[in-house]
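Below, each chain spelled out in residue letters.
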Number of protein chains: 2
Amino acid sequence: MTKTLTIIDIAKLAGVGKSTVSRVLTDDPNVKDSTRKKVQQVIKKSGFVPSKSAQVLGGGNAKVIGIILSRLDSSSENKVISGILDVIYAAGYDALIMEGLFDVKKTKEHLAVLKKRNVDGIILFGFTDCDLTETEKLAHKVVIIAVDNDTVSSVGYDNYGIIEKAMTHIQEQGKQHISYIGVDVKDKTTGLIRLNAYLDCCKLAGITPNFQTGLLNYKSAYDLTDMVLTSETEAIVCASDTLAMGVAKRLQTLGRNDILVSGVGNTELLPFVFPNTFSIDPGYYSVGKTAANLLIQQIRGDRTVTHLTQKVSFPN
Amino acid sequence: MTKTLTIIDIAKLAGVGKSTVSRVLTDDPNVKDSTRKKVQQVIKKSGFVPSKSAQVLGGGNAKVIGIILSRLDSSSENKVISGILDVIYAAGYDALIMEGLFDVKKTKEHLAVLKKRNVDGIILFGFTDCDLTETEKLAHKVVIIAVDNDTVSSVGYDNYGIIEKAMTHIQEQGKQHISYIGVDVKDKTTGLIRLNAYLDCCKLAGITPNFQTGLLNYKSAYDLTDMVLTSETEAIVCASDTLAMGVAKRLQTLGRNDILVSGVGNTELLPFVFPNTFSIDPGYYSVGKTAANLLIQQIRGDRTVTHLTQKVSFPN
DNA sequence: CTGTTAGCGCATTCAG
DNA sequence: CTGAATGCGCTAACAG
């Protein structure tokens, strides 16, 4: 265990004062180029790595962004995270990722931990019943994804527009008998808003609504399919790709391959497995980038609480 | 911006010395119960949160474990991570997660960052060409997943046993004409070892091998399917569920629904979409838990460099 | 059991 | 441009 080096060690090795070393570490311009070079040499040769904790304590900032997501194995959240990571790494931040599992209490604990660690900012994936009061104190250090709130910045999906787009696309193909499979309306965004979008589109187009809502898994969608199916059905719009997968499977089993199925999420697998499907991209990756950029701007004070909605992109 | 509180503040509020506060923070038993209660009261009321950086610098440990994975959107890695998180959270650690993207340079950078942050330990998801020399210096603070190495602990999958199990299961059903779709043997574990397992099983059972290797995506598997298909083919073993998905799709298109397809990963979606398939579970979640436990034991000095292999569990 | 005293490793004034 | 001094918030001996 080679004793851990400090700036003092490399200051001696480089024949300079410790503050000069600190300066090159912080990219302070007030250092003669030759001196800087020399110090950097020593740092590299000695394999010295400054202690982040000391830097933070000394006055610098942690350069850490905490991310509280719902589930690591959610493909949509994964895409968002990728966007976030791309942005924050580029800006020199690291990510402290925590899994909230849709649990209010656990999420609250995570927030406390992040606070204790002096993170520079927090990105929180909202969920139904998510308690945001805790975050309000952190004000400009937080960005919420997928849930609106007045006091904290947020980046949301255009839940309404997503379904609207799917409906439009289907109607453009001359189809009029369009059913819908969604999730429980207790879920405001994926549930209620998307269902309302479907209903509004129906009214506007003179379509008689035919829908069911259930859980967010393909089994549920599979089971609900028959309930929205008539001999005339030409298409079924689903609130997510997972649901679309279940619906398409059921239709395949029934031999109703004529029915067009749409999902949300832009999962590659869906159209690969089931030809007569398409998926709307809510722009997950973009949401991640947007959220991260927003947060960084807020941290720097360049921007205050803002609410953004991601534009819907059409399937590839 | 209410000025950030310190232990001194709450020491005054509680009418005790700062070290007493520190003691209750560190669960030091040498504090009178009444005093402890009082201090805890004040801490709660004031909403005080101790600075992790200061704690680390002061001598405590960071209680952070760095995790460098390949891709956040890999479902197998996700399962492993879940296992890791369950264990380390329970042990009071937090996770600093980074994405290596199979890039040696990026991975090296991540390692440097983790070092700088004084993490207590690191879990690294190995990949082909992964350079482990950097990690060797960290010795007992590292656990590698999926790649063997003498100087650093590792937890690996039983790549050989996984395929062996699939082959056995298929043969037990009386099938003799078994083909194989895998990935390039440049990938030691998923590629070479699994292919060798297939070949060995064939030799043992007197089966004439019929295989192809390609990329790790369903399109590749889809395209390769025809090349291992004969009129007699009864089953196709695949090196992963992704490949199995491609193969099963191709077979469906060809109307060869009689052929049994096996994958690796225990993805729920596979058997849901394609009935005549099954999947071997390499024990991802368990690997995560094992790796995390191993690392924590090493951190505490309870254990030294160890190499473990996950036992294969049969599909649900 | 509890208060006092040192640092931990670094950033940041403030003088030179 | 650079070195010396001060303090960040906390833990860990050290005395009482």
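Residues numbered from 1 in each chain as written. Chains lettered and ligands numbered in written order. Predicted model: local features only at pLDDT ≥ 70, side-chain atom pairs only at ≥ 80, totals over all residues. Heavy atoms only, no water.

A.B. asks: Just give me the short version of empty space enclosed by the protein, but keep the residues and values in it.
C.D. replies: Enumeration according to the criterion identifies 3 cavities of 30 Å³ or more in this entry. Space inside the largest cavity adds up to approximately 210 Å³. What lines the largest cavity is a set of 14 residues, among which S53, V64 and R117 of chain A together with V64 and R117 of chain B lie closest to the centre. Where the lining of the largest cavity is concerned, the elements lending two or more residues are α4 (52-58) of chain A together with α4 (52-58) of chain B. Per-class residue counts for the lining of the largest cavity are 8 nonpolar, 2 polar and 4 charged. Its boundaries defined by the atoms lining it, the second largest cavity holds a volume of some 50 Å³. V104, T107, K108, L111, F127, C130, D131 and E134 of chain A are the residues that line the second largest cavity. Among the elements that line the lining of the second largest cavity, the one with the most residues is helix α6 (residues 104-116) of chain A, at 4 residues. (1 Å grid on protein atoms, 1.4 Å probe; cavity = no way out; pocket = protein on both sides within 12 Å on 5 of 7 lines; lining within 4 Å. Points joined across faces, edges and corners; volume = space filled by probe spheres on them. Helix = DSSP H or I, 4+ residues; strand = E, 2+ residues; numbered from the N terminus. Nonpolar A, V, L, I, M, F, W, Y, C, P; charged D, E, K, R; others polar.)

A.B. asks: Report on the sheet that holds strand β8 (residues 235-238) of chain A, specifying residues and quantitative values.
C.D. replies: The strands that make up a sheet are held in pairs by hydrogen bonds between backbone atoms, and each pair lies either parallel or antiparallel. All names here are of chain A. Spatial ordering of the open sheet is given by β7-β6-β8-β9-β10, a layout of 5 strands whose pairing is parallel. Since the sheet does not close on itself, it has two edges, and those belong to β7 (211-214) and β10 (277-280), each with one partner. Averaged over all pairs of adjacent strands, the angle between their axes in this sheet comes to 20°, without regard to strand direction. Where strand β9 (residues 260-264) and β10 come together, 4 bridges link them in parallel fashion. Residue pairing for β10: S262 is matched across the bridge by F278. Of the strands in this sheet, β6 (178-183), β7 and β8 touch helix α10 (residues 218-225), which is tilted by about 150° from β7. (Pairing = 2+ DSSP bridges. Axes fitted to C-alpha atoms, helices over the stretch in contact; angles between N-to-C directions. Contact = heavy atoms within 4.5 Å.)

A.B. asks: Describe the UniProt feature "domain: HTH lacI-type" (unreviewed entry) in chain A, naming the residues involved and giving the relevant values.
C.D. replies: According to UniProt, the feature "domain: HTH lacI-type" (unreviewed entry) maps to residues 5-59 of chain A in the numbering used here. The distance from the first to the last C-alpha atom of residues 5-59 of chain A is 20 Å, and the span holds 67% helix and 0% strand. (UniProt positions renumbered as here; feature names shortened; annotations may be inferred.)

A.B. asks: Can you explain the sheet that holds strand β9 (residues 260-264) of chain B? Please cite residues and give values.
C.D. replies: All names here are of chain B. Read from one edge to the other, the open sheet built from 5 strands follows the order β7-β6-β8-β9-β10, with strand pairing classed as parallel. Looking at which strands have only one partner, the edges of the open sheet turn out to be β7 (211-214) and β10 (277-280). The mean angle between the axes of side-by-side strands here comes to 20°, regardless of whether they run parallel or antiparallel. Note that strand β6 (residues 178-183) and β7 share 4 bridges and pair parallel. Each residue of the ladder has a partner; that of V183, found in β7, is G214. Each of β6, β7 and β9 touches helix α9 (residues 188-205); the most contacted strand, β6, lies at about 170° to it.

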